[in-house]
Amino acid sequence: MSLLTYYKYKIVEFAPEQNMEKTFKELGEDGWELVSVVPIGLKIEGRSDSTFGYGDGETSGKFEKIAAYFKKTM
């Protein structure tokens, strides 16, 4: 009898506007446990100007993807 627990891992990437409730529910029913959800894929747009060593500009950004991390006991 082993006292060690082994896990399999799965990463699911999706767009912020996607509704992932159904996917998460199906994974849970299959024994996958949600560990973490983090934003990834930052897209930054903007401009910068530099005159005599002084900078000026505008930037904006948004995350284009979100990653959900799951684990499952083997």
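Here, every reference points to the structure presented above.
What counts, and at which threshold
- Residues numbered from 1 in each chain as written.
- Predicted model: local features only at pLDDT ≥ 70, side-chain atom pairs only at ≥ 80, totals over all residues.
- Heavy atoms only, no water.
- Phe/Tyr/Trp six-rings, centres within 6.5 Å; stacked < 30°, edge-to-face > 60°.
- Helix = DSSP H or I, 4+ residues; strand = E, 2+ residues; numbered from the N terminus.
- Buried < 20%, exposed > 50% of the residue type's maximum accessible area, 1.4 Å probe, protein only.
- Lys NZ or Arg CZ within 6 Å of the ring centre and 35° of its normal.

1. Digging into the packing of aromatic side chains
Here is step 1 of the chain: Scanning the entire structure with this criterion turns up three aromatic pairs.
Here is step 2 of the chain: Between the aromatic rings of Tyr-7 and Tyr-9, the centroid separation amounts to 6.3 Å while the plane-to-plane angle is 45 degrees, which identifies the pairing as tilted.
Here is step 3 of the chain: Here the aromatic rings of Phe-14 and Phe-24 are separated by 5.9 Å at their centres, their planes lie at 80 degrees, and the arrangement is edge-to-face. You can see Phe-14 sitting in strand 1 (residues 7-14) and its partner Phe-24 sitting in helix 1 (residues 21-29), a full ten residues away along the chain.
Here is step 4 of the chain: Judged by its relative accessible area of 22%, Phe-24 falls in the partly exposed class.
Here is step 5 of the chain: A cation sits over an aromatic face here: Lys-71 above Tyr-7, 4.4 Å from the ring centre.

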